[in-house]
Amino acid sequence: MLKSIPIAGRLRFGNDPVQTFLYMAGGALLLFFAFIAVRNTLTGAYGIDDFLQGIVLGLAQGSIYALIALGYTLVYGVLMMINFAHSEVFMGGAYIGFFAINAFHESGFLAENTLVALLITMAIGMLASVILAVLLERIAYRPLRNAPRLVPLITAIGASITLQQIFLRLFGGGTRSYPVVSLCIGGTLQGTTCEGGIDIMQGRYQVEVFGGEIVIRPLYFVIFFIALILMAALWFFVQRTKVGKAMRAVAEDKNTAALMGVNVDRVIVLTFVLGALMAGAAAVLFALYNRQVSPFMGFTPGVKAFTAAVLGGIGNVPGAMAGGVLLGVIESAAPQMLGLPSQLEDVVAFGVLVLILIFRPTGIFGEVLAKKKA
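Because the structure is a prediction, the values reported are computed rather than measured.

**Q** Explain the state of the cysteines to me, please; I cannot follow it from the model alone.
**A** By definition, a disulfide links the sulfur atoms of two cysteine residues through a covalent bond. Applying the stated criterion across every chain, the model contains one disulfide. Here cysteine 184 is linked by a disulfide to cysteine 194, with a sulfur-sulfur distance of 1.9 Å. Where cysteine 184 bonds to cysteine 194 through sulfur, the torsion about that S-S bond is close to 65°, and the disulfide is right-handed. In this pair, cysteine 184 sits in strand E3 (residues 184-185) while cysteine 194 sits in strand E5 (residues 193-195), placing the two residues ten residues apart along the sequence. As far as the burial class goes, cysteine 184 and cysteine 194 line up, both buried.

This is how it looks when you write it as structure tokens:
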């Protein structure tokens with residue numbers, strides 16, 4: 001999973017006319033996009049302030065994608081399986097987090113102890129995601145561990161739909177909204193306005209940059225730094241702890257690891273737990289700035305997180321982190337750079353996936369597999 005050998009990802013122009021056509025078409029498309037971006041920049045339709053605005057928003061979105069992508073890449077690294085139900089693990093954390101923060105809001109605890117309420121909400125969301133992930137592993141995946149690889153994949157899709165329907169039947173299909181939260185730093189909160197300070201949750205501040213103005217929300221940077229801390233903690237845990245060494249051993253060879261005294265079932269459960277913790281934190285962070293939750297909210301972020309994992313290199317933890325942030329920045333900055341409406345940001349994101357699969361199927365940092373698997 002981690003301490004392994006990356007597969008080479010060089011381009012190969014062989015005798016396959018279809019592959020050659022794909023390379024040529026993809027290259028021509030990249031040149032066309034580059035031409036449009038340069039033209040828009042030179043004509044003033046796209047400026048440095050627009051680019052910086054996209055970077056600021058992209059860091060927040062990309063951090064969410066990166067946290068979710070870690071769940072995909074951890075499970076793939078250990079089990080060689082794509083857990084498509086991971087998007088519903090994300091959704092479950094946001095949904096249960098809503099009930100927690102809404103209860104705090106109605107009781108007045110959120111207004112009186114905002115930071116404590118937010119931390120408890122995040123902990124509850126992470127716990128909910130962990131419970132869902134452990135149930136998925138125990139009920140849906142463990143009985144099929146030795147089955148052909150297509151069987152767990154189909155099971156994961158079925159589990160995803162099942163979880164969507166369970167939440168739909170339990171809580172209805174209506175969209176629920178997180179309460180408006182204000183956290184005033186360095187000032188006093190008057191109603192919903194932060195006087196003499198910075199509202200890191202709801203504040204929007206205009207900053208002049210290179211003759212233009214960009215709008216900055218402190219919440220974006222909060223999301224980025226929290227995600228950075230969580231990702232660094234995960235990387236330290238996997239690389240520097242005894243349990244992390246056991247995870248890497250199971251990723252290399254389950255049977256040999258079991259002979260060496262590693263409890264494979266426990267390690268696999270722990271892998272799901274770690275991925276779910278990241279997804280639960282991402283869910284609450286996502287809901288705090290997006291505010292809306294529904295039983296189907298996990299699909300689009302989940303697919304984009306999977307795209308980020310592929311972009312960075314599936315099974316590669318640093319690749320998932322970098323791929324998520326990079327995808328968020330591209331998704332935010334590219335549409336305006338290319339003169340496209342913001343509604344087409346999903347097209348840009350999935351277009352990146354297609355181009356990566358054409359030119360470098362193993363991702364930017366390379367897919368990481370054990371020697372034997374490679």
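**Q** It is not clear to me how the packing of aromatic side chains should be interpreted in this structure. Could you clarify?
**A** To describe a pair of aromatic rings, one takes the distance between the centres and the angle between the planes. As enumerated under the stated definition, the model contains 15 aromatic pairs in all. Aromatic pair phenylalanine 104 and phenylalanine 109: ring centres 5.3 Å apart, planes at 45°, arrangement tilted. Using a relative accessible area of 17% as the deciding quantity, one classes phenylalanine 104 as buried.

**Q** What is the right way to look at the pattern of salt bridges in this model?
**A** It is possible for side chains of opposite charge to pair when their charged atoms get near one another. Inspection of every chain in the model, using the stated rule, returns four salt bridges. Between arginine 145 and glutamate 137 there is a salt bridge, with its nearest N and O atoms 2.6 Å apart. Glutamate 137 sits in the buried class, given a relative accessible area of 1%. Note that arginine 145 and aspartate 265 form a salt bridge whose closest N and O atoms lie 2.4 Å from each other. A residue pair is termed long-range when its members are at least 10 positions apart, and arginine 145 in the loop between helix H5 (114-141) and helix H6 (150-171) and aspartate 265 in helix H10 (residues 264-290) qualify at 120 residues. The exposure class of arginine 145 is partly exposed, given its relative accessible area of 25%. One connected set of salt bridges, linked through shared partners, spans Glu137, Arg142, Arg145 and Asp265.

**Q** For this particular structure, what's the right way to read the confidence of the model for the protein?
**A** Reading predicted coordinates in detail is not appropriate for stretches of low pLDDT. Looking at the protein as a whole, its pLDDT mean stands at 84, while 92% of the residues score no less than 70. Under a pLDDT of 50 for its full length, residues 3-11 has, in the predicted model, 25 contacts with residues more than four places off or in other chains. Per-residue pLDDT stays below 50 along residues 369-374; that stretch engages in 16 contacts with residues further than four places along the chain or on separate chains.

About the criteria used
Residues numbered from 1 in each chain as written. Predicted model: local features only at pLDDT ≥ 70, side-chain atom pairs only at ≥ 80, totals over all residues. Heavy atoms only, no water. Disulfide = S-S within 2.5 Å. Helix = DSSP H or I, 4+ residues; strand = E, 2+ residues; numbered from the N terminus. Buried < 20%, exposed > 50% of the residue type's maximum accessible area, 1.4 Å probe, protein only. Phe/Tyr/Trp six-rings, centres within 6.5 Å; stacked < 30°, edge-to-face > 60°. Salt bridge = Lys/Arg side-chain N within 4 Å of Asp/Glu carboxyl O. pLDDT = per-residue confidence, 0-100. Contact = heavy atoms within 4.5 Å.

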